[in-house]
Amino acid sequence: MFNPINLETLQPKKIFVEKDVVNSSVTRHILNKLPGVAVEYIDDYRSIRIDGCTTDNVFRKSKECLAIAGKKGGLVKQFRCRDGIIGNTEYFISHGNNCNLDCEYCFLQSYFDNAVPTVFINHDEILNEIKDIMIAAGDKKTVFHAGELCDALAFDDLSGLSIKLISLFSEYPNARLELRTKTTTIENLLKIAGAENIVISWTFSPQVIVDAYEHKTPSLEERVMAAAEVQRAGYNVGVCLDPIILCEDWFNNYKTMLDLLFDRLDITRIKFVSLGGFRYLPSLVRVIRDRKPQTKLLLGEFVPCVDGKYRYFRPIRVEVYKRIGTVIRELTKDIKMSLCMETPEVWDGAGVQNFFNGDEHII
């Protein structure tokens, strides 16, 4: 049996706790799991400031901390693609901000006022908002995901939110829950039976990309082992090749990875494969270059797109999707594939009719 490599071994050096949530049972549970760590009580997690001599130093020191807070504002929000980008409406669950991983390309580096990983503990409110949406939807299928603003499982060993979410969604088969992760923190998933409408999706990258850009994350091999273990426990798995990052000999690196995935995972329990090229807003460039002046991440041929993000030149993206789509279809004819945050022109150019199936999972 797979022995998970827990990211809680990256124990925080300091914990910030909002005064309003001190008496929460979730707060107490987290603190009991982290004995001996210094605690500072604060009024608002958004006011946390971490000092450092460089941008990179600030981010590194921030990720050595943890904040426990109550989420202000909407806990479950609609995710809509901007005009010109294909995608369906989904709901994302605001269970936390930031995480203790440190991917070089992460858009969150230029998104929040601070980079301190934050766990929101108002679980009952989250569950009630989800339930209200599902009840209002009736027989209509709805899709929810966690992992938009914080890896879905990065702190699950501390918070236990996955158990509560899975228990709720098992009662509403017309709704689908997707937990998005790069971690191997799957202990709680193995404590509760999987359901057909629960998907645990992993971002998979060739090891050369993991080594270069996905700092502090489990290896490709570790992620594959974790995914196989949750499949054996009855869960469906999603395969996210996103972001696809072009590197030397990129095709053979991705093909080798796909051969590994489809050899080691149960194809009947792979719900989808989604493909998305590396993309970024201009505001992220300064942070990436400040933190990693020698990075090769931004050396590709990037162009501005309709949603304001920069992507690889369209003919390059089309070629990448075609070639990867061909590899996947040679391995299996049945798994649904989709493009992530792409334009109709790219869908058409990539040969949607040949490789890709329509699915509610298009984001």
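This section reports on the structure supplied with the text. (Residues numbered from 1 in each chain as written. Predicted model: local features only at pLDDT ≥ 70, side-chain atom pairs only at ≥ 80, totals over all residues. Heavy atoms only, no water.)

When helices and strands are counted, the chain shows twelve helices and 18 strands. Whereas a compact globule of 363 residues would reach a radius of gyration of roughly 21 Å, the chain reaches 20 Å, a difference of no more than 12%. Along the first, second and third principal axes, the C-alpha atoms of the chain reach 55 × 50 × 45 Å. Across the chain, the fraction of contacts at a sequence separation of at least 24, relative to all contacts at a separation of at least 6, is 75%. (Helix = DSSP H or I, 4+ residues; strand = E, 2+ residues; numbered from the N terminus. Rg over C-alpha atoms; globule rule 2.2 N^0.38 Å. Contact = heavy atoms within 4.5 Å.)

Throughout the structure, instances matching the rule amount to four cavities of 30 Å³ or more. In this model, the largest cavity occupies a volume close to 140 Å³. Lining of the largest cavity is provided by 19 residues; of these, His95, Ala152, Asp156, Ser159 and Leu161 occupy positions nearest its centre. Broken down by secondary-structure element, the contributors of at least two residues to the lining of the largest cavity are strand E8 (118–120), helix H4 (156–159) and helix H5 (161–169). Residue composition of the lining of the largest cavity, by class: eleven nonpolar, six polar and two charged. (1 Å grid on protein atoms, 1.4 Å probe; cavity = no way out; pocket = protein on both sides within 12 Å on 5 of 7 lines; lining within 4 Å. Points joined across faces, edges and corners; volume = space filled by probe spheres on them. Nonpolar A, V, L, I, M, F, W, Y, C, P; charged D, E, K, R; others polar.)

As summarised here, the arrangement of the three strands in space is E15-E17-E16, forming an open sheet in which the pairing is antiparallel. Looking along the sheet, the strands with just one partner apiece sit at the ends: strand E15 (279–280) and strand E16 (302–304). Bridge count for E16 against strand E17 (residues 310–312) is three bridges, and the pairing is antiparallel. The residue bridging Phe302 from the neighbouring strand is Tyr312, located in E17. (Pairing = 2+ DSSP bridges.)

Among the five residues in strand E3 (residues 65–69), five count as buried, and that is most of the element. What you see with E3 is no split at all: Cys65, Ala67 and Ala69 on one side and Leu66 and Ile68 on the other are buried throughout. As defined by bridge partners, strand E1 (residues 14–18) adjoins E3 across four bridges and the pair is classed as parallel. Its bridge partner lying in E3, Ile15 is registered against Leu66. Here E3 pairs with E8 via three bridges, running parallel. For Ile68, the partnering residue across the bridge sits in E8 and is Val119. (Buried < 20%, exposed > 50% of the residue type's maximum accessible area, 1.4 Å probe, protein only.)

Before going further, it helps to examine the pairing of strand E11 (residues 198–203). With six of its six residues buried, E11 lies for the most part within the structure. Residues Ile198, Ile200 and Trp202 line one face of E11 and the alternating positions Val199, Ser201 and Thr203 line the opposite face, and both faces are buried. Relative to E11, strand E10 (residues 175–181) runs parallel, the two being bridged by five bridges. Each bridged residue has a counterpart across the sheet, and for Glu178 the counterpart in E11 is Val199.

Let's shift gears to the environment of Phe120. Along the chain, Phe120 falls in strand E8. Each C-alpha atom of the pair Phe120 and Asn97 lies 8.2 Å from the other, and the pair is 23 residues apart in sequence. The residues contacting Phe120, other than those within four sequence positions of it, are Tyr45, Ala69, Gly70, Lys71, Ser94, His95, Gly96 and Asn97.

So, on to the state of the cysteines. What the rule picks out here adds up to zero disulfides. Its sulfur unpaired, Cys103 is 6.5 Å from the next cysteine sulfur, which belongs to Cys106. Since its relative accessible area comes to 7%, Cys103 is described here as buried. (Disulfide = S-S within 2.5 Å.)

Here the focus is the pattern of salt bridges. Per the stated rule, a full pass over the model turns up 19 salt bridges. Close ionic contact of Lys72 with Glu18 constitutes a salt bridge, the shortest N to O distance being 2.7 Å. Within this pair, whereas Lys72 is found in the loop between E3 and strand E4 (76–79), its partner Glu18 is found in strand E1, the two being separated by 54 residues in sequence. Judged by its relative accessible area of 32%, Lys72 is partly exposed. Each of Asp56, Arg60, Asp102 and Arg291 takes part in one network of salt bridges that share partners. (Salt bridge = Lys/Arg side-chain N within 4 Å of Asp/Glu carboxyl O.)

What follows is about the environment of Leu275. Looking at the element boundaries, Leu275 is found in strand E14 (residues 270–277). When the C-alpha atoms of Leu275 and Met257 are compared, they prove to be 14 Å apart, with 18 residues separating the residues in sequence.

Once that is clear, we can look at the sheet that holds strand E2 (residues 38–42). Strand pairs in the sheet, formed through backbone hydrogen bonds, run parallel or antiparallel to each other. Pairing within the open sheet is mixed, and its five strands lie in the order E2-E1-E3-E8-E6. At either margin of the open sheet sits one strand with a lone partner, and together these are E2 and strand E6 (96–97). Its contacts with the sheet place helix H1 (residues 25–33) against E1, E2, E3 and E8, and it is angled at close to 160° to E3. (Axes fitted to C-alpha atoms, helices over the stretch in contact; angles between N-to-C directions.)

Tallied over the entire structure, the rule returns 13 aromatic pairs. Their ring planes at 70° and their centres at 5.2 Å tell us that Tyr280 and Phe302 sit as a pair that is edge-to-face. You can see Tyr280 sitting in strand E15 and its partner Phe302 sitting in strand E16, a full 22 residues away along the chain. Taken individually, Tyr280 and Phe302 each receive the classification buried, so the pair is uniform in this respect. (Phe/Tyr/Trp six-rings, centres within 6.5 Å; stacked < 30°, edge-to-face > 60°.)

In the contact formed by helix H7 (residues 220–232) and helix H8 (residues 250–264), the axes pass within 10 Å of each other and the chain directions differ by 25°. As the angle between them shows, H7 and H8 are arranged roughly parallel. Our pair here, H7 against H8, has a crossing hand that is right-handed. Where H7 abuts H8, its residues Leu220, Glu221, Val224, Met225 and Ala228 lie against Met257, Leu260, Leu261 and Arg264. (Parallel < 35°, antiparallel > 145°, perpendicular 65-115°, else oblique. Left-handed = near helix turned anticlockwise from the far one by under 90°.)

The values are spatial; any link to function lies outside them.
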